[in-house]
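Chain and residue survey
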Amino acid sequence: WKFVPGGRILTAAGTDQNLTFYNCYVIESPRDSREGIMTTLGQMTEIMSRGGGVGMNLSTLRPRHAYVKGVNGRSSGSVSWGALYSFVTGLIEQGGCFGPDERIATDQGLIPAAELADRMDNGETFYAQTHKGLREITTRFRNGVKPLYEVTTKRGFKVQITADHKVAVLMDGQITTMALKYLQQGDEILLLLGDGVDKDYVALDPINYEPSVMSTTLNEDVTFPATLNEDLAYLLGYAYGDGHVQMGKKVNWQAPKALILATADSHPKIRQRLETIIEDQFGVQPTVTAGDGACKNVAMYSCLVIEWLLRNNILKQKAEDIRVPEAIFRSPSSVQAMFIAGYFDADGSDRGRKGGYGFDSISREMLADVQQLLALNGILSHITKSDRSDYGWQTIYRLAITGARFKQQFADFVPTEKVGDVVGKRDMYNTYPANVWTSLGERAKYRQRIYDGVSERISNTQLTKISARLEDAGQVGSAQRINELLNTMPDEIMSIELLGNSDVFDFEVDDIHLLSGSGIYTSNSRRGALMLILNDWHPDVFDFITSKREAGNITNANISVGVSDKLMEAIENDADWDLVFPDTADPDYDTLWDGDLDTWVAAGRKVIKYKTVKAREVWDAMIESAWASAEP
């Protein structure tokens, strides 16, 4: 084994980051004056803004209602000043930020950052997808306006983040993070392959349709699904791939009247599937007519259905403007899979062993949306571009799923008619640095006849086989580490482009402190970490013990009571306990009082007894509060 410095030491080493060198700092107790309290606040803020945590003892501050000679008033007490330190801690964000439209991978689907912040403000709870499973998103940050950069990877993923935002990378075979400003073209970062979404269907709105004055007939015998279910998702996916809205026209008036789906004669089951869905979902009898070449058109004539699709924002846009409907991003995985299945049956193809499964479109944005949906469900893909401007044609983009693992996962996930038998065993483009294996420190026998031990890269399939061997041999820890790593995939940075200023957002994720934005795995922001302490003799000790349980007091800090041997002895003997504080009228109070009560008393200085209680009352208050709120 070897000793490796952790935390802030490792984070700042070898960089020009103006960070703290250690994780946590115990700073001097604040002097009992406005100037002293503000000085400590400034020290705390500076440490936290550079990544450090702070601990401080508030026992130097006079108790609540104590006389303050300089202002001829009464003190608000140590707990109120602790609340100030706590409030400022909540304002300090340690980390970078996302642009407002970056989709965060959550248990509720892919939610834009700005919307996620709003919904958390309204009390909703979300869990982030991570390489170790779902973890609660505990805090949201609105970090003002900052310059945004767009990062584009070789596989076609894009994310808009700030220069300080940390991106997940592999270092010595383990997942760590590095600020974007220290990365450049050619560096590898990590994508997150999610575990899908298990949630309720998205509800759809009913329709109150007012027919046009030019409409002479209207079939009102139509039903509408209450939710976006799997069959409807398949129909929508197909329509987005190979469908269009037919307009009804009369002299100076036109309005949509039918949804037309082009179907190939070579796939009669797809046509039959669409006809069945239309009839089952809407109660409309579809019409099949001859189309171009070896195709037939399946038509659903219903102004009501078209209007209903439009009202629910799930009607296909123009080809160049097409995007995945917002409701699909928020649907369970089964619905997302059916949308992709319909889109694939319309516009996808099986290109064989090397070409993989592919979608073609003139809308890169549409393919990028599908790419994010696939990644959310654990399937890796890449986007390529064919520039056809020399022929006067529009640029076409292709989304492809290649490699044995991801082709199989796609075939299992997407119930499409056009996916053929999965062939091939290679994952030559889906690889990791070889040190993800060597860093495990396991014996060579676990990789024999799987990985040669010399190649600089090791494939996804090879790691999967090694993991199975390790698990069979009882090496559960190493197997688990590989399996967690397989929920990520390295991808090369192709470009980093400055976009300009924007509102920015970030989130704190419990335990893992990582989350996925637009498919790219990044570190979250964190609040500053604060520990407040009050000694057991302080007159405010009861208010302090319950401060985390009362609204408006201490919220962004942990609290601890400084328990002395004297208190424990008094508890054991069921004795009384005095709550005391130095006499603030002492002429040397401002210069000598530093929170050490024993030294103050030993010097013959006067203390004032504020209250006498049973020692067990202090103990019981701590135990009750710790049981109720896990603090102090």
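To keep things clear, this report deals only with the structure shown in the data block.

Quick notes on the rules
Residues numbered from 1 in each chain as written. Predicted model: local features only at pLDDT ≥ 70, side-chain atom pairs only at ≥ 80, totals over all residues. Heavy atoms only, no water. Helix = DSSP H or I, 4+ residues; strand = E, 2+ residues; numbered from the N terminus. Buried < 20%, exposed > 50% of the residue type's maximum accessible area, 1.4 Å probe, protein only. Contact = heavy atoms within 4.5 Å. Areas by Shrake-Rupley, 256 points an atom, 1.4 Å probe, with all protein chains shown as cover. Lys, Arg positive; Asp, Glu negative; His and termini not counted. Charge placed at Lys NZ, Arg CZ, Asp CG, Glu CD. 1 Å grid on protein atoms, 1.4 Å probe; cavity = no way out; pocket = protein on both sides within 12 Å on 5 of 7 lines; lining within 4 Å. Points joined across faces, edges and corners; volume = space filled by probe spheres on them. Pairing = 2+ DSSP bridges. Axes fitted to C-alpha atoms, helices over the stretch in contact; angles between N-to-C directions. Salt bridge = Lys/Arg side-chain N within 4 Å of Asp/Glu carboxyl O. Core = buried A, V, L, I, M, F, W, Y, C linked by side-chain atoms within 4.5 Å. Polar contact = N/O pair within 3.5 Å; in protein donor to acceptor, adjacent residues only side chain to side chain.

**Considerations on the overall build of the chain**
Helix and strand content of the chain: 20 helices and 31 strands. Over its C-alpha atoms, taken along the principal directions, the chain stretches across nearly 105 × 70 × 50 Å. With 632 residues in all, the chain has 48% of them scored as buried. Contacts spanning at least 24 positions in sequence make up 68% of the contacts within the chain whose residues lie at least 6 apart. For the chain, the accessible surface area stands at approximately 30600 Å², while carbon and sulfur atoms represent 48% of it. Treating the 65 positive side-chain charges of the chain as one cloud and the 85 negative ones as another, the clouds have centres 5 Å apart.

**Quick notes on empty space enclosed by the protein**
Across all of its chains, the model carries two cavities of 30 Å³ or more by this definition. Put simply, the largest cavity is a space of about 70 Å³. Lining the largest cavity we find Ala105, Leu110, Gln129, Leu192, Gly194, Gln372, Ala375, Leu376, Ser516, Ser518 and Gly519. Take the lining of the largest cavity: its biggest share by element is three residues, from helix H11 (residues 364-376).

**Details of the sheet that holds strand E2 (residues 53-57)**
Two strands in a sheet stick together by hydrogen bonds in their backbones, pointing the same way (parallel) or opposite ways (antiparallel). The parallel open sheet is built from four strands, whose spatial order is E1-E2-E28-E29. The sheet is open, and its two edges are formed by strand E1 (24-26) and strand E29 (558-562), each paired on a single side. With direction set aside, neighbouring strand axes in the sheet form an average angle of 20°. Looking at chain direction, strand E28 (residues 530-535) and E29 are connected through five bridges and run parallel. When the bridges of E29 are listed, Met531 appears paired with Asn558. Packing against the sheet, helix H2 (residues 34-49) makes contact with E1, E2 and E28, and its axis sits at approximately 155° to E2.

**Brief notes about unusual backbone geometry**
The peptide bond linking Glu631 to Pro632 adopts the cis configuration, its omega dihedral lying at 5°. The topology assignment puts Pro632 in the segment after helix H20 (615-629). A positive phi angle is found at Arg449, which is not glycine, with a value near 65°. Its location among the elements puts Arg449 in the loop between helix H13 (435-438) and strand E23 (457-459). Its relative accessible area of 77% is what places Arg449 among the exposed residues. Phi at Ala630 takes a positive value of approximately 65°, unusual for a residue other than glycine. For Ala630, the location among the structural elements is in the segment after H20.

**Comments concerning the pattern of salt bridges**
Throughout the structure, instances matching the rule amount to 29 salt bridges. Residues Asp121 and Arg142 are paired through a salt bridge, measuring 2.5 Å at the closest nitrogen-oxygen approach. One end of the pair, Asp121, is in helix H4 (residues 113-121); the other, Arg142, is in strand E9 (residues 133-153), with 21 residues separating them in the sequence. Using a relative accessible area of 41% as the deciding quantity, one classes Asp121 as partly exposed. On the basis of relative accessibility, which here comes to 37%, the residue Arg142 falls in the partly exposed class. Residue Glu631 pairs with Lys548 through a salt bridge whose shortest N-O separation is 2.4 Å. Placement of Glu631 in the segment after H20 and of Lys548 in the loop between helix H16 (541-545) and E29 is noted, with a sequence separation of 83 residues between them. Among the residues examined, Lys548 registers a relative accessible area of 23% and is labelled partly exposed. Members of the salt-bridge network, linked through shared partners, are Arg103, Glu115, Arg119, Glu124, Glu326 and Arg330.

**Structural notes on the nonpolar core**
By size, the foremost hydrophobic cluster in this structure holds 119 residues, and its most contacted members are Leu228, Phe410 and Phe507. In this structure Phe410 touches Ile340, Phe344, Tyr357, Phe359, Leu374, Ile379, Ile401 and Val419, once residues within four positions along its chain are discounted. Counting residues in hydrophobic clusters, the runner-up holds 41 residues, among them Ile37, Val561, Leu579 and Tyr589.

**Points about the environment of Ile533**
Tracing the backbone through its elements, the reader meets Ile533 in strand E28. Along the primary structure Ile533 and Gly82 are separated by 451 residues, whereas in three dimensions their C-alpha atoms are 9.3 Å apart. Residues contacting Ile533, with those up to four places away along its chain left out, are Met56, Asn57, Leu58, Ser59, Phe544, Ser560 and Gly562.

**Overview of the side chain of Asn229**
Along the chain, Asn229 falls in the loop between strand E13 (188-192) and helix H5 (230-242). For Asn229, a relative accessible area of 15% translates into the label buried. Asn229 has contacts with Tyr201, Gln281 and Val335, leaving out every residue within four places of it along the chain.

**Some words on the environment of Met247**
Its location among the elements puts Met247 in strand E14 (residues 243-250). Separated by 302 residues in the primary sequence, Met247 and Arg549 have C-alpha atoms spaced 62 Å apart.

**Quick word on the side chain of Glu307**
Within the fold, Glu307 resides in helix H7 (residues 303-311). Of note is the side chain of Glu307, whose polar atom sits 2.8 Å from the side chain of Arg311.

Everything listed is a geometric property; what it means functionally is a separate question.
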